[in-house]
Amino acid sequence: MFDIAVIEDPAAAEASLDPIRARLLAALSEPASAATLATRVGLARQKVNYHLRALEQHGLIELVEERRKGNMTERVMRATAASYVISPVALSAVRPDPAAQPPDRLSARWLLALAARLVQDVGALITGADRAGKRVATFAVDGRVRFASAADRAAFAEELASAVTALVSRYHDEKAPGGREHRVLLALHPSADPPPTRPTDDTSAEE
């Protein structure tokens with residue numbers, strides 16, 4: 001089982017977005033049979049089997065083992081990944097294309113288009129690497145910064161852009177024989193996480 005898998009096929013994406021099948025995928029983080037799942041999610045076994053066939057058809061779950069029980073064979077299934085990401089490739093003609101609009105560093109929608117391309121490209125690299133039994137050479141940094149003002153945020157962005165431009169200029173070699181192009185993507189956006197709850201100094205209850 002992979003930690004994360006990329007869904008590129010539209011039919012597989014549709015199957016994964018079905019609420020019942022999504023519940024079954026989550027339940028199959030550990031191997032289970034249709035009978036076990038039916039009890040766990042509160043559905044009839046026949047209905048569970050129907051959805052499992054669809055998930056297996058699209059490669060979202062896989063057979064772990066077969067157990068003989070009386071006159072029947074029980075199939076034990078497991079999700080192929082702990083979590084899934086749907087690639088913009090599954091959206092075909094309506095997938096976002098950052099090259100289709102003028103670059104705008106301050107546009108949240110352009111940032112979203114860049115992020116979608118990141119999912120698409122890295123997803124394709126992961127799929128190809130898995131088939132070849134290789135690793136993908138990537139690097140990522142995830143951090144947080146709290147700005148005192150909008151002016152500080154703007155200054156940070158300009159300084160970051162200048163530093164990255166200088167770094168790219170230093171290492172970029174257009175004519176390097178056998179060299180491979182890499183894409184650099186930087187993003188700065190407000191955190192969408194809820195702010196931490198601050199303890200209140202409530203002395204009203206004190207005597």
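The rules behind the values
Residues numbered from 1 in each chain as written. Predicted model: local features only at pLDDT ≥ 70, side-chain atom pairs only at ≥ 80, totals over all residues. Heavy atoms only, no water. Pairing = 2+ DSSP bridges. Helix = DSSP H or I, 4+ residues; strand = E, 2+ residues; numbered from the N terminus. Core = buried A, V, L, I, M, F, W, Y, C linked by side-chain atoms within 4.5 Å. Buried < 20%, exposed > 50% of the residue type's maximum accessible area, 1.4 Å probe, protein only. Contact = heavy atoms within 4.5 Å. Arc of directions from axis to C-beta. pLDDT = per-residue confidence, 0-100. Salt bridge = Lys/Arg side-chain N within 4 Å of Asp/Glu carboxyl O.

With that settled, consider the sheet that holds strand E4 (residues 72-79). The antiparallel open sheet is built from three strands, whose spatial order is E2-E4-E3. Across the chains shown, the open sheet's two edge strands, defined by having one partner strand only, are strand E2 (32-33) and strand E3 (61-69). Across eight bridges, the pairing between E3 and E4 is antiparallel. Residue Lys 69 lies in a different strand from E4, and its bridge partner there is Met 72.

This part takes up the nonpolar core. Formed by 21 residues in total, the largest nonpolar core has its most connected members in Leu 24, Leu 28, Leu 37, Val 48, Leu 52, Leu 55 and Ile 61. At the level of elements, helix H1 (10-17), helix H2 (19-27), helix H3 (34-41), helix H4 (45-57) and E4 are the ones that each hand at least two residues to this core. No other element matches H3, which puts four residues into this core. Contact partners of Leu 55, with chain neighbours within four places excluded, come to Ala 15, Arg 21, Leu 24, Leu 25, Leu 60 and Ile 61.

This part covers H2. Three or more residues of H2 are buried, namely Arg 21, Leu 24, Leu 25 and Ala 27. For H2, the arc enclosing every buried residue in end-on projection is 165 degrees, short of the 170-degree limit, so these residues lie on one face. More than 90 degrees from the buried face of H2, the exposed residues found are Pro 19 and Ala 26. Next to the buried residues of H2 lie H1, H3, H4, E3, E4 and strand E5 (81-86).

Let's shift gears to the confidence of the model for the protein chain. Chain-level statistics for the protein chain give a pLDDT mean of 90 and a share of 93% at 70 or above. Segment residues 203-207 is flagged for pLDDT under 50; beyond a separation of four residues in sequence, or across chains, it makes zero contacts in the model.

This part takes up the pattern of salt bridges. Per the stated rule, a full pass over the model turns up five salt bridges. Between Arg 75 and Glu 66 there is a salt bridge, with the nearest N and O atoms lying 3.8 Å from each other. Judged by its relative accessible area of 35%, Arg 75 falls in the partly exposed class. Since its relative accessible area comes to 51%, Glu 66 is described here as exposed. What you see here is one network of salt bridges that share partners, running through Glu 56, Glu 66 and Arg 75.

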